[in-house]
Amino acid sequence: MSDLVIAAPKQHTIPTADGGAFPVRRVYCIGRNFADHAIEMGHDPNREAPFFFQKNPDNLDPSGQFPYPPHSQNVHHEVELLIALKSGGTDISVSSALDHVWGYGVALDMTRRDLQGEAKKAGRPWEIGKAVERSAPIGPVHPASTIGHIDAGRIAVSVNGVVKQDGDLNQMIWKVPEMISYLSEYFELAAGDVILGGTPAGVGPVERGDTMLASIEGLGEISVTVV
Ligand code: MN
């Protein structure tokens, strides 16, 4: 085995509700997974094949602070269900998909909407709008072994006390097992992979100084200040 020529990058981990640390390998995010959000973004809400983009593992941030990113005047909140995998594979069946889930949490998919919009218009990738430093504020991951699996319940975010997004996970067009199964047809999933499950209607801008309160029934709430 050859010596490393630079120091190995640190394995990024996120906290779990039982006091542990979950090591993150990849982050997949599903787009337009709630019909009302697809409509507000100008798209057909019918059940088309799902699509995914990625964030970087170290974009997941439990600090409770979100630094307003540069080169944007329109940064949006998107509250999402976080799904953390303990195992993976390819061509995973829908019926066995939940066997691969370690746990669930609350996440925000913070988005430079203006840059994402320009990328869409130009047919370019979305990373410049999505895979931004600390762009996924998160809460602790709750183990499915204690809380069970999650497929319904209120998902909401308020900004400075005003409710902005207020949906139910039962509105997800692609359910958790379907997302895992579909992804596994295109990618080899593995322990440490994280999926963000899409967002309900009501996305909108935040400013420095705002406080977002994001919650999912059964997973608690996270308070994140824009700095
Ligand atoms: Mn999203």
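See the structure printed just above.
Rules used in this analysis
Residues numbered from 1 in each chain as written. Predicted model: local features only at pLDDT ≥ 70, side-chain atom pairs only at ≥ 80, totals over all residues. Heavy atoms only, no water. 1 Å grid on protein atoms, 1.4 Å probe; cavity = no way out; pocket = protein on both sides within 12 Å on 5 of 7 lines; lining within 4 Å. Points joined across faces, edges and corners; volume = space filled by probe spheres on them. Helix = DSSP H or I, 4+ residues; strand = E, 2+ residues; numbered from the N terminus. Nonpolar A, V, L, I, M, F, W, Y, C, P; charged D, E, K, R; others polar. Core = buried A, V, L, I, M, F, W, Y, C linked by side-chain atoms within 4.5 Å. Buried < 20%, exposed > 50% of the residue type's maximum accessible area, 1.4 Å probe, protein only. Donors = N, O, S within 2.8 Å, 3.2 Å for Na, K, Ca; no water. Pairing = 2+ DSSP bridges.

Peer 1: Please explain empty space enclosed by the protein as it appears in this structure.
Peer 2: If a probe the size of a water molecule is rolled over the atoms, the empty space left behind becomes visible. Tallied over the entire structure, the rule returns one cavity of 30 Å³ or more. Taken together, 18 residues form the lining of the largest cavity, with G31, R32, H37, E78 and W126 sitting closest to its centre. Per element, the largest residue contribution to the lining of the largest cavity is three residues, and it comes from helix 2 (residues 113-122). Looking at the lining of the largest cavity, its residues break down into five nonpolar, six polar and seven charged.

Peer 1: Would you mind going over the nonpolar core with me for this structure?
Peer 2: Looking at soluble globular proteins, one finds that nonpolar side chains tend to be buried together. The biggest cluster of nonpolar side chains holds 42 residues, and the ones touching the most others in it are L81, I83, Y104, L108, M179, I180 and M212. Of all the secondary structure elements, the ones that give two or more residues to this core are strand 3 (27-30), strand 8 (79-85), strand 9 (101-108), strand 13 (154-159), helix 5 (176-186), strand 17 (211-216) and strand 18 (220-226). The leading source of residues in this core is helix 5, at five residues. Of all hydrophobic cores here, the second largest spans 17 residues; its members include F22, V24, A119 and V141.

Peer 1: Is there a simple way to explain the coordination of the manganese ion in this structure?
Peer 2: Think of it this way: four donors in a tetrahedron around the metal ideally sit 109.5 degrees apart, and six in an octahedron ideally sit 90 or 180 degrees apart. The protein atoms donating to the manganese ion are E78 (OE), E80 (OE) and D109 (OD), with metal-donor distances spanning 2.0 to 2.2 Å. In the primary sequence, the donor residues of the manganese ion line up as E-x1-E-x28-D. With E78 in the loop between strand 7 (75-77) and strand 8 and D109 in the loop between strand 9 and strand 10 (111-112), this pair connects stretches of sequence that are 31 residues apart. Per residue, the accessibility class of E78 equals that of D109, and both read buried.

Peer 1: Just checking my understanding: could you explain the pairing of strand 18 for this structure?
Peer 2: Each regular strand displays side chains that alternate between the two surfaces of the sheet. Here strand 6 (residues 65-66) pairs with strand 18 via two bridges, running parallel. Residue pairing in the sheet places F66 in a bridge with V226 of strand 18. Between strand 17 and strand 18, which pair antiparallel one after the other, the connecting turn spans three residues, and G218 there sits at a positive phi close to 90 degrees.

Peer 1: Would you mind going over the sheet that holds strand 10 with me for this structure?
Peer 2: Each strand in a sheet pairs with its neighbour through backbone hydrogen bonds, running either in the same direction (parallel) or in the opposite one (antiparallel). The three strands lie next to each other as 10-7-16, forming an open sheet whose pairing is antiparallel. One side of each edge strand has no neighbouring strand; the edge strands of this open sheet are strand 10 and strand 16 (204-205). Of the pairings in the sheet, the one linking strand 7 to strand 16 comprises two bridges and is antiparallel in character. When the bridges of strand 16 are listed, H76 appears paired with P205.

Peer 1: Just checking my understanding: could you explain the sheet that holds strand 6 for this structure?
Peer 2: As summarised here, the arrangement of the five strands in space is 6-18-17-13-14, forming an open sheet in which the pairing is mixed. If you trace the sheet from one side to the other, it starts and ends with strand 6 and strand 14 (162-168), each paired once. One ladder, built from six bridges, connects strand 13 with strand 14; its direction is antiparallel. The partner of A156 across the bridge, within strand 14, is D166.

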